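Spelled out, the chains give:
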Amino acid sequence: MMTQPTWNDPDFDAGVMVRGALWLVQEIGVGNTFTKADIRVAFPSASQADRRIRDLRDYGWVLHAKNEDATLTSEQTRFVAQGAAVWNPKERSDANPRKAISNKEREATLSRDDHLCTTCGISGAEEYPDDPTQTAVIAVSRRVTVMPDGREESLLTTECKRCKAGLGKSRRSAEKISADVQALSADDQARLLRWMNTGKRDLTATERVWSRYLRLPADARAEIRSVLEA
Ligand SMILES: [Zn+2]
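What this report covers is the structure whose coordinates are included nearby. (Residues numbered from 1 in each chain as written. Predicted model: local features only at pLDDT ≥ 70, side-chain atom pairs only at ≥ 80, totals over all residues. Heavy atoms only, no water.)

Examining the overall build of the chain
Of regular secondary structure, the chain possesses 10 helices and seven strands. Evaluated residue by residue, the chain yields a buried proportion of 28% over its 230 residues. Pairs at least 24 apart in sequence give 47% of the contacts found in the chain among residues at least 6 apart. Split by element, the accessible area of the chain, about 15,300 Å² in all, is 52% carbon and sulfur. (Helix = DSSP H or I, 4+ residues; strand = E, 2+ residues; numbered from the N terminus. Buried < 20%, exposed > 50% of the residue type's maximum accessible area, 1.4 Å probe, protein only. Contact = heavy atoms within 4.5 Å. Areas by Shrake-Rupley, 256 points an atom, 1.4 Å probe, with all protein chains shown as cover.)

Okay, here's the thing in structure tokens:
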């Protein structure tokens, strides 16, 4: 783990946002307040230092102004909580909510996940079994994941829009799901248990082909379909 640089170390090559983050931690301290005048004293040569420091909110830093904390004057800002350690380039990059996903990363993620939602298993353009009025839209997104050692990583994952948004319209009832599990055949129950143990759905050859079939243009799908119907 990278040690924390000193905010005003002249040998530390960093922009005002990063220096500002260190200044907050090292000079102001969580719970305390600062003013624009304090920022001007700390960063006399930076033109928009107060704006750069507000940019830290995009990295999970909590800074309250008067409209969020009525005990403050209009000049004051309170440093409420520290966010990502932006002085560490990897943590900064991982935490950046606007960090674009490259086409190469997107393709690699979709291919790894078989173009299926990793949460509910649906394919793009497939109807939801519990809501046939909706068809799935698949996208790659970043998921901040807490790793076993407690470090947070932003990992790429394939998800349908409904799973990304939450749980969709259906309410989750463990009681109902338990009854549905009981109603499965012994073979299906064994398969389900395998999924539970591995944490993911193992796809049958049919499901893999189905997912790839759905990604074909309509004309190509029609040709494949006509071969089976023949
Ligand atoms: Zn899904």
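Observations concerning the sheet that holds strand β3 (residues 76-81)
As summarised here, the arrangement of the three strands in space is β1-β3-β2, forming an open sheet in which the pairing is antiparallel. Strand pairing shows two members of the sheet lacking a second neighbour, β1 (33-35) and β2 (62-64), which therefore form its edges. In this sheet, neighbouring strand axes are inclined to one another by 35° on average, regardless of whether the strands run parallel or antiparallel. Strand direction decides the pairing type here: β1 and β3, joined by three bridges, are antiparallel. The residue of β3 that forms the bridge with T33 is R78. Along the sheet, helix α1 (residues 16-28) contacts β1, β2 and β3; its crossing angle with β1, the most-contacted strand, is approximately 125°. (Pairing = 2+ DSSP bridges. Axes fitted to C-alpha atoms, helices over the stretch in contact; angles between N-to-C directions.)

Considering the coordination of the zinc ion
Around the zinc ion, the donor atoms from the protein are C117 (SG), C120 (SG), C160 (SG) and C163 (SG), and they sit 2.3 Å away. Taken together, the four donor atoms coordinating the zinc ion and their angles of 102 to 117° define a geometry best described as tetrahedral. Taking relative accessible area as the criterion, C117 reaches 3% and is therefore assigned buried. When its relative accessible area of 15% is taken as the criterion, C163 is described as buried. (Donors = N, O, S within 2.8 Å, 3.2 Å for Na, K, Ca; no water. Tetrahedral: all angles 85-135°; square planar, octahedral: opposite > 155°, others 65-115°.)

Notes on the pairing of β3
Bridging between β2 and β3 involves three bridges; their strand directions are antiparallel. Each bridged residue has a counterpart across the sheet, and for L63 the counterpart in β3 is F79.

Description of unusual backbone geometry
One non-glycine residue, H115, adopts positive backbone phi at about 60°. Look at H115 and you get buried, because its relative accessible area is 17%. One non-glycine residue, A125, adopts positive backbone phi at about 75°. Tracing the backbone shows A125 in the loop between α5 (103-112) and β4 (127-128).

Looking at the nonpolar core
In terms of nonpolar packing, the biggest core is built from 24 residues, with W23, L24, F34, I53, W61, V86 and W87 touching the most fellow members. At the level of secondary structure, the elements contributing two or more residues to this core comprise α1, α2 (36-42) and α3 (49-54). Here the element with the most residues in this core is α1; it accounts for seven residues. Once residues lying within four places of it in the same chain are set aside, the contact partners of L24 are G29, F34, I53, L56, W61, L63 and F79. Counting six residues, the second largest nonpolar core, distinct from the first, contains I122, A136, C160 and C163. (Core = buried A, V, L, I, M, F, W, Y, C linked by side-chain atoms within 4.5 Å.)

With respect to the pattern of salt bridges
Where charged atoms from two side chains of opposite charge approach closely, those side chains can pair. On inspection of all chains with the given rule, the structure shows 10 salt bridges. Salt-bridge contacts for D130 lead to R162; the nearest nitrogen and oxygen are separated by 3.2 Å. Of the two residues, D130 is situated in the loop between β4 and β5 (131-135) and R162 in helix α6 (residues 161-165); the sequence distance between them amounts to 32 residues. For R162, a relative accessible area of 15% gives the class buried. (Salt bridge = Lys/Arg side-chain N within 4 Å of Asp/Glu carboxyl O.)

With respect to the side chain of T109
Structurally, T109 is set in helix α5. With near-sequence residues (within four places) excluded, T109 lies in contact with V140, L156, T157 and T158.

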